[in-house]
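A structural walkthrough
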Protein chains: 2
Amino acid sequence: MKGVAVLGSTGSIGRQTLDVAQSFPGEFRILGLAARSSLRLISEQVRKFRPLLVSCQGSPEEIAGLLELGCRPCSMEEMVCHPSVDLVMMAIVGEAGLMPTLAALQAGKRVALANKEAVVMAGELIATYLQSDNPAILPVDSEPSAIWQCLRGEDREVARLIITASGGPFRQRPLKELAQVTPQEALRHPTWNMGPKITIDSATLMNKAFEVIEAHWLFGVPWDKIEVVVHPQSIIHSMVEFVDGSVKAQMSLPDMRLPIQYALFYPKRMKNGSLPRFDPISSGSLSFESLDPDRYPCFQLALDIAMRGGTWPAALSAADEAAVELFLSKRIGFLEIPLVIQQAIKGHQPVMNPSGSDILNAAAWAREQVNAVVGR
Amino acid sequence: MKGVAVLGSTGSIGRQTLDVAQSFPGEFRILGLAARSSLRLISEQVRKFRPLLVSCQGSPEEIAGLLELGCRPCSMEEMVCHPSVDLVMMAIVGEAGLMPTLAALQAGKRVALANKEAVVMAGELIATYLQSDNPAILPVDSEPSAIWQCLRGEDREVARLIITASGGPFRQRPLKELAQVTPQEALRHPTWNMGPKITIDSATLMNKAFEVIEAHWLFGVPWDKIEVVVHPQSIIHSMVEFVDGSVKAQMSLPDMRLPIQYALFYPKRMKNGSLPRFDPISSGSLSFESLDPDRYPCFQLALDIAMRGGTWPAALSAADEAAVELFLSKRIGFLEIPLVIQQAIKGHQPVMNPSGSDILNAAAWAREQVNAVVGR
């Protein structure tokens, strides 16, 4: 049995990971569960999966209740390093996923990575852990999973990566109405059901810029060989064009359980009757559009900043996280997200070849700047 | 340098093979050229590529002219067995490709196979030469090449193959007009520029049935796990659905030089600036339709016959070859092709587990029956 720690177990990816693990009895031993909040849900999960370790926040009485179930509280860093853990499912959203990810990689664990902020913030550092034959990082996000699947068995003779984007809920909204969109509207993604941070990032296409950054670091492909194309149906999750002009695409109906399962079992593919099947005829046409830079200013802004290297992408990621929080709490409007990010971090003094703490410092600085700009 | 024999060098695939070889100086030594006719063209090819061996038909004077160029006439079977030949490009159309293909496989050569009749006729025999790690057959046809590329690096955890079909020139022609279509109209394929036999087979979808048969034998996938879907744009050349529901598709603009090059260089992919690149935005939508059995009666007829095994598919292939010739010479109409085939071979007495000569006998019998049915 594969020993698994699920970090972010009460979020969308964490819950689906436990679903998949349950569909394959005898394959996985859930050794650790970690969640920032949702103590009620994590208690249920502890009762069901009986992990050795748990990491969560709660009152002394609440934690005592978990202890009675036979598991030991610990930090996420300790959990991922436990000798019986073979694979870490990193499903924590945002910056909070960074240090446990680095700890797991340093401990030589495989990390199934659903958190893209860790790679955005610390891509250079994380890239040092990657070897193509025994990957330390197994991407869980549908787009990098698609690229990873398309590269399987290939000799990295890549001409370009073509990452698809649904275009989010505002792809066809008149531009002049975008200033007024509410968090509720932005949270209504047309094809994917995900957590709030990633859903807002999908509406601004910040998420797509993050995927470009992730692909650059995880697959070692130069920036100018990564393209994004809008594909509203979210059936083709990404494509790889090889040097001979042959293109491979990975397709499926949008369901995160497939890339989760692929990462959990890699390199094995397992039959799972509960996953929806793609049917070319009933799925209708597959269409592609170019990305409109005026509609999605976050996209180019993020890439321009990320390409500067050093701690710039960490500042970007933290500023985005803070700006999205401000949008969700209705302190800033939808179109202010890129403006606030740009304004906040324009004076960043980067550290090149940063350590983990340089990265965290840059992120803390960027968050402060966002709050200063918005005038908290 | 890889030693290559090109059989069918004056046909569409043969000429494109030589084009590709010429684009990569120093990679290939063309050791043999074979063609049934087109002596003028094969003389030019001999002058350009200076092969050791040539196989063609001509007057004693014509053959003497080739001898003066320093090459030796021989049979195709002798050519494919020459010790310096590493790879045989089998680009002969129809039954004539069968015996040289079997000879090459018996001699332990790799065969880049553009001829699908050989696999249709002798699939069981040919399958005995296949090992997945060092394939003896490298498919050149775009659909099996697509499947082969999608299977690359995968552990054959296949749920189904989805072979795409353009639908041919008569996909939208009113059914009642099909009886009157001329060879000229049938030879105008909407997306591919190919030789006459395969173009007529594409109009009847006999060609697609042959690809199902080919996929069954080359990839070892059961009949009921191979589907055909009409995809008029011919961009997705085929798809593989794996047991986890993930689908891989191979895409490119329709150009046979890509699968030819892939087979010639396998497992390496080579940059070739003269191949067209797929651009998702300019290529428009990709659409899929189910196959209309009333429009394409050859398709199910062929599969029903092929699944009987033994010498049945050899009889089928030969009857089709004869029927297509009769259609091209305007002796029968377009809709008579399936009727003639069915009528001709219905009394076939099959040999199970057939040898090469059993297969040739069945084919000769079927041809005679076709001519008897049409009343030559």
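Calculation rules
- Residues numbered from 1 in each chain as written.
- Chains lettered and ligands numbered in written order.
- Predicted model: local features only at pLDDT ≥ 70, side-chain atom pairs only at ≥ 80, totals over all residues.
- Heavy atoms only, no water.
- Helix = DSSP H or I, 4+ residues; strand = E, 2+ residues; numbered from the N terminus.
- Buried < 20%, exposed > 50% of the residue type's maximum accessible area, 1.4 Å probe, protein only.
- Contact = heavy atoms within 4.5 Å.
- Buried area = accessible area lost by both parts, 1.4 Å probe.
- Salt bridge = Lys/Arg side-chain N within 4 Å of Asp/Glu carboxyl O.
- Polar contact = N/O pair within 3.5 Å; in protein donor to acceptor, adjacent residues only side chain to side chain.
- Pairing = 2+ DSSP bridges.
- Axes fitted to C-alpha atoms, helices over the stretch in contact; angles between N-to-C directions.
- Least-squares fit on C-alpha atoms with pLDDT ≥ 70 in both.
- Domains from an automatic or database assignment.
- Core = buried A, V, L, I, M, F, W, Y, C linked by side-chain atoms within 4.5 Å.
- Phe/Tyr/Trp six-rings, centres within 6.5 Å; stacked < 30°, edge-to-face > 60°.

Residue and element names in this part refer to chain A. Summarising the element assignment, T10 is placed in the loop between β1 (2-7) and α1 (12-23). Here T10 falls in the buried class, since its relative accessible area comes to 11%. Ignoring anything within four residues of it in the chain, the contact list for T10 reads R15, A35, S37, S38, L41, I42 and Q45.

Moving on: the interface of chain A and chain B. Listed as interface residues are 47 residues of chain A and, on the opposing side, 47 residues of chain B. Summed over both partners, the interface of chain A with chain B comes to about 3,700 Å²; 51% of that surface belongs to carbon and sulfur atoms. The tally of links between chain A and chain B comes to 12 salt bridges. For E157(B), the salt bridge goes to K268(A), with nearest N and O atoms at 3.2 Å. Inspection of the chain A/chain B interface yields 24 residue pairs in polar contact (both at pLDDT 80 or more).

Sheets are built from strands that pair by backbone hydrogen bonding, the pairs being arranged parallel or antiparallel. All names here are of chain B. Spatially, 7 strands are ordered β4-β3-β2-β1-β5-β6-β7 in an open sheet, and the strand pairing comes out parallel. Where the open sheet ends on each side, the last strands, each with one partner, are β4 (72-73) and β7 (137-139). Pairing analysis gives 4 bridges linking strand β1 (residues 2-7) to strand β5 (residues 87-90), with the strands arranged parallel. By the bridge assignment for β5, L7 is matched with M90. Relative to strand β2 (residues 28-34), helix α2 (residues 39-49) is tilted by about 155 degrees, and along the sheet it contacts β2 and β3 (53-55).

Considering the arrangement of structural elements, one finds G310(B) in the loop between α12 (297-306) and α13 (312-328). If we skip the residues at most four places from it in the chain, G310(B) touches E124(B), V351(B), M352(B), N353(B) and P354(B).

Under the counting rule described, the total for this entry stands at 42 salt bridges over all chains. In this structure, D244(B) and R269(A) form a salt bridge, with 2.8 Å as the shortest nitrogen-oxygen distance. Pair noted here: D244(B) is in the loop between β10 (236-242) and β11 (247-251) and R269(A) is in the loop between α11 (257-265) and α12 (297-306), and the two residues belong to different chains. D201(B) is the salt-bridge partner of K197(B), the closest N and O atoms lying 2.6 Å from each other. Residue K197(B) and its partner D201(B) are located together in helix α9 (residues 196-204), separated by 4 residues, close to a single helical turn.

Moving on to helix α5 (residues 98-106) of chain B. Summarising burial for α5(B): 7 of the 9 residues are buried, a large majority. Among the residues making up α5(B), those that are buried are L98(B), P100(B), T101(B), L102(B), A103(B), A104(B) and L105(B).

Further remarks concern the pairing of β11(B). Burial runs high along β11(B): 5 of the 5 residues are buried. Of the two faces of β11(B), both are covered, the one formed by V247(B), A249(B) and M251(B) as well as the one formed by K248(B) and Q250(B). Note that strand β11 (residues 247-251) of chain A and β11(B) share 5 bridges and pair antiparallel. Its bridge partner lying in β11(B), M251(A) is registered against V247(B).

Mapping chain A onto chain B leaves a residual RMSD of 0.0 Å; the transformation is a rotation of 180 degrees accompanied by 0.0 Å of translation along its axis. The superposition of one copy onto the other is thereby described by a two-fold rotation axis. The C-alpha atom lying nearest the rotation axis in chain A is that of G153(A); the distance is 1.8 Å.

As a further point, take the domain arrangement of chain A. Where interface size is given, it is often the accessible area lost as the parts come together that is meant. All names here are of chain A. You can read the domains of chain A as domain 1 (2-139) and domain 2 (308-376). Placing a centre on the C-alpha atoms of domain 1 and another on those of domain 2 gives a separation of 26 Å. Each side of the interface is counted separately: domain 1 has 11 residues, and domain 2 has 14 residues. Taken together, the two surfaces of domain 1 and domain 2 that pack against each other cover about 950 Å², and 59% of this comes from carbon and sulfur. Counting the surface domain 1 buries against domain 2, the share from its top three residues, E95, M121 and E124, is 54%. Put simply, domain 1 and domain 2 have 1 salt bridge between them. Between R367 and E95 there is a salt bridge, with the nearest N and O atoms lying 2.4 Å from each other.

Residue and element names in this part refer to chain A. Pairing is parallel in the open sheet, where 7 strands are placed in the order β4-β3-β2-β1-β5-β6-β7. Either end of the sheet is taken by a strand with one partner, and the two such strands are β4 (72-73) and β7 (137-139). Relative to β7, strand β6 (residues 110-113) is paired through 3 bridges, and the arrangement is parallel. Considered in β7, the bridge of L113 is made with P139. The strands that helix α5 (residues 98-106) touches are β1, β5 (87-90), β6 and β7; relative to β6, the one it contacts most, it runs at about 150 degrees. With respect to the sheet, α11 is in contact with β1, β2 (28-34), β5, β6 and β7, its orientation differing from that of β5 by roughly 160 degrees.

So, about the nonpolar core. By size, the foremost hydrophobic cluster in this structure holds 125 residues, and its most contacted members are L316(A) and I345(A). Sort the elements by how many residues they give to this core and helix α13 (residues 312-328) of chain A lands first, with 11 residues. Lining this core are residues from two domains, each supplying at least three of them: domain 1 (2-139) and domain 2 (308-376) of chain A. Discounting chain neighbours no more than four positions away, the residues touching L316(A) are M206(A), F210(A), I213(A), A302(A), I305(A), A306(A), I341(A) and I345(A). C71(B), I147(B), I163(B) and V221(B) belong to the second-largest nonpolar core, a separate cluster that totals 123 residues.

Take the environment of A366(A) next. Residue and element names in this part refer to chain A. Within the secondary structure, A366 is located in helix α15 (residues 356-374). Look at A366 and you get buried, because its relative accessible area is 0%. The spatial distance from the C-alpha of A366 to the C-alpha of V46 is 36 Å, given a sequence separation of 320 residues. The residues contacting A366, other than those within four sequence positions of it, are A315, A318, A319 and I345.

Okay, unusual backbone geometry next. All names here are of chain A. Looking along the chain, the bond that leaves Y266 and enters P267 is cis, with omega of 5 degrees. Secondary-structure assignment places P267 in the loop between α11 and α12. Phi is positive for L205, close to 70 degrees, though the residue is something other than glycine. Examined against the element boundaries, L205 turns out to sit in the loop between α9 (196-204) and α10 (206-219). Relative accessible area serves as the criterion here: at 2%, L205 is assigned to the buried category.

On to the packing of aromatic side chains, then. All names here are of chain B. Applying the stated criterion across every chain, the model contains 14 aromatic pairs over all chains. With 4.9 Å between their ring centres and 65 degrees between their planes, F28 and F265 make a pair best called edge-to-face. Residue F28 is found in strand β2, and its partner F265 is found in helix α11 (residues 257-265); the two are separated by 237 residues along the sequence. Of the two residues, F28 and F265, neither departs from the other in class, the shared state being buried. Ring geometry for Y262 and Y266: centres 5.8 Å apart, planes at 65 degrees, overall edge-to-face. For the pair Y262 and Y266, a shared accessibility class is recorded, and that class is buried.

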